[in-house]
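Close look at the chain arrangement
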Amino acid sequence: MICPICNSENRPGAKFCDECGARLLSEQVAIEHMEEAFGSEKDLEERFGSFDLADYEPADAQDSESEQEGECSRPQESEDSAEEQIEEEPETVADIAGETEVIKKVQADETVDLRKLREERLAREDDVLAGLDHSNADDITMVTPWDKGGTMKMQPVEAGPEKSRRFFADNDDTAPAKTKKPLLIGIALVIVAALIAFGTWYFELWGGYKIPDVVALNSSQASAVLTEKGFKVRVELVKSDDEEGIVLLTDPQPGSRMSTGGEVVLHVATPRVIPDLVGKTEDEAKALIKAEGFTNVTYEKKKSNDPEGTVLEQSATPGAKQKSAYPLTVTVAEPYRVPKVVGLTKEEAITLLHEEGYEVAIHRVYTETELEGKVLECNPAAEEKLNSGETVTISVAVSRKNELIGATQGAFYSGATFNVDGTPFEISSVNGMSYEGGDTTSVSVTARAYGYIMGRLIYLDPEDYTWLVNWTADNEIASISMG
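Notes on the structure in this doc start here. Note that the structure is a prediction, hence the values are computed from the model and not measured.

Cut-off values and rules
Residues numbered from 1 in each chain as written. Predicted model: local features only at pLDDT ≥ 70, side-chain atom pairs only at ≥ 80, totals over all residues. Heavy atoms only, no water. Helix = DSSP H or I, 4+ residues; strand = E, 2+ residues; numbered from the N terminus. Contact = heavy atoms within 4.5 Å. Areas by Shrake-Rupley, 256 points an atom, 1.4 Å probe, with all protein chains shown as cover. Salt bridge = Lys/Arg side-chain N within 4 Å of Asp/Glu carboxyl O. Pairing = 2+ DSSP bridges. Axes fitted to C-alpha atoms, helices over the stretch in contact; angles between N-to-C directions. Phe/Tyr/Trp six-rings, centres within 6.5 Å; stacked < 30°, edge-to-face > 60°. Buried < 20%, exposed > 50% of the residue type's maximum accessible area, 1.4 Å probe, protein only. Lys NZ or Arg CZ within 6 Å of the ring centre and 35° of its normal.

With that settled, consider the overall build of the chain. Counting its regular elements, the chain contains 11 helices and 21 strands. Across the chain, the fraction of contacts at a sequence separation of at least 24, relative to all contacts at a separation of at least 6, is 63%. Entry remark: accessible area of the chain is about 29000 Å², with carbon and sulfur atoms responsible for 51%.

This is the structure in C-alpha cells:
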C-alpha cells in the first residue's frame, strides 16, 4: 500500500504509514470521500469537462528512478508556467477533507506544481484525517496521480459558485499510541534507586549492623565476635543437656540489625546439678528439682518422727552433674499413725503395735459377754498421729471367772500351806474349785491341820474342807475362810 504523503511502500492492510505516520486510505474509500467533497463524476464533468487519468501519468519515463527516491521530476517550463498561472488566477475549491482552500485556476494544457500542495497537505494532515469517517479505514487505499512524482494536467475551471463542504467524524480511538518511553525511564530510575538503597543497607552502610550467628560457639568465642562488631554482651546461664559453655541462642536473633553499642544477650548452656534436698520440705525440694530441669523424679514416703513432708533421703549425691532424664528418688517423711487394733486379739494387737515402734499397756475389762482376750478399745484411737516409741493402751476383754479360776489353780496345789481362820493347813490334794462371783472363788481340798506343841510339830488327821478365797484386783489372795 502506497502512502499518499511520502510515497513509501507499506504492508497490505496497514492503517498508518510506517515512514511518516499518515493515515492510509483504500482507493474505494478515497473515491467515496472525493465524491462527497467534489461531487460525482458527472458533476465533475459538468464543472471541469471530461478528462482521463491516463493523461496524468508522469511526463517522462526517466522519472522512475527519482520516483524511488521519493522525489518528483517535471519539466522546468511547466513548473514556471504553473507558478505563474497560480499567482495570476486564484480560485477557491473544496479539498478532499471538506476544508476550503484556494487553488489556482489553470488552463487545460497547463500543469500545477504538486510538490507545494503536498507540503501544505502534510501540515494539515491531522485536521484533514480528523474529519474522515474511519469506519472503513481498513479498506482504504488512496492512490493519486502525483504519488509517482509526476505532473497532472487539470481541466479548465469554469467560474461558478464555490462548493465547500464540511463533515465531522466521530472521535477516532485508533490514533497512534503515545510513546511510553518516559514512563519506562521513570520505572528504571526507581528500580535503580531501590537497588542502590538495598545494596548500601546490605553492606551495612546504614540501618545498623547485622548480629552475627554465634550459636554453637562457646561463650568466650561468641563474646569476642560480638565485641569486635561493637556490641555489648551479657551472658545468661541456661540449664541444658548440651555441652557446657555452648551458646544456645542469642537475643536479638542472628541477622537482626542493631546500632553499635547495643546489648546482645547470650543464652549459654550450663549443666544440671543434683540439689541437696535432705532436710528440705517436699515443696522446697520440688522447686529445686524443677529449677534444674530434672524430669525423671520419684517421691517415696517413709514413716518418721520428723515433721511430715521433710525430705529424709535422696538417691543421688548432691552436686553431681546429670542429664535431665537421670532417675532421682526422693524419700519424704510421713508421720506414724496408730494402727487399727480394735477387734483383734490381745496378742495380735501387741504384735502390730510393736511393729510401729509403740509400747503397749493393757487395761483389762471384765466382762462375761465378750470373747475373752478381744481388744475392745485403743488409746490413742486408730489413724491418729503418734510418734514412734510412745505408749498405746489397749482395753482387753477379760472373764473374771476364768481369771480367778486360773488364779486359784495356780495358788492351790498339793503341799501348799494356808492359814484358814487362824489355823494352818497343809493341802494333801485339791478336789475342785468354782467361781462364786465378783472376786471370790471356792476350792475343795483335803488338808490336815498342824501345829507345834512343846516345840514339836504335830499333824492332825487329814479332812475334807471347802474354802472361800477372796481375791484383789491384781489377782492376789486377800483372805481364805471356811466355806
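Having seen the model, we can carry on.
On to the pattern of salt bridges. Here the structure, examined in full by the defined rule, presents 15 salt bridges. In this structure, K301 and E282 form a salt bridge, with 3.2 Å as the shortest nitrogen-oxygen distance. With K301 in strand β9 (residues 297-303) and E282 in helix α9 (residues 282-292), this pair connects stretches of sequence that are 19 residues apart. Between E403 and R364 there is a salt bridge, with the nearest N and O atoms lying 3.3 Å from each other.

The next point concerns the pairing of strand β19 (residues 456-459). Within a regular beta strand, the side chains point alternately toward one face of the sheet and then the other, so they alternate between its two faces. Taken together, the four bridges between strand β18 (residues 440-453) and β19 define a ladder with antiparallel strand orientation. In the sheet register, Y450 faces β19, and the bridge partner there is Y459. With antiparallel pairing between neighbouring strands as the criterion, β18 and β19 make up a hairpin whose turn holds two residues, including M454 at a positive phi of roughly 55 degrees.

Strand order in the open sheet made by the three strands is β13-β15-β14, with mixed pairing throughout. Since the sheet does not close on itself, it has two edges, and those belong to β13 (359-366) and β14 (375-379), each with one partner. Mean inter-strand twist for the sheet, computed between neighbouring axes without regard to direction, equals 20 degrees. Summarising the sheet, β13 and strand β15 (residues 391-398) pair through eight bridges and their orientation is parallel. Residue V360 lies in a different strand from β15, and its bridge partner there is V392. The sheet contacts of helix α10 (residues 346-355) involve β13, β14 and β15, and relative to β15 the element is tilted by about 175 degrees.

Aromatic ring pairs are defined here through the distance separating the ring centres and the angle between the ring planes. A full pass over the atoms with the stated rule returns six aromatic pairs. When the ring of F412 is compared with that of F418, the centres are 4.4 Å apart and the planes differ by 25 degrees; the resulting orientation is stacked. F418 gets classed as buried once you look at its relative accessible area, which sits at 15%. Judged by centre distance (5.7 Å) and plane angle (45 degrees), the ring pair of Y450 and Y459 falls under tilted. Through pairs of rings, three or more aromatic residues link up here, namely F412, F418, F425, Y465 and W467. Sitting above the plane of the Y299 ring, K286 keeps its charged end 5.3 Å from the centroid. The ring of Y366 has R400 lying over it, and the distance from NZ or CZ to the ring centre is 4.8 Å.

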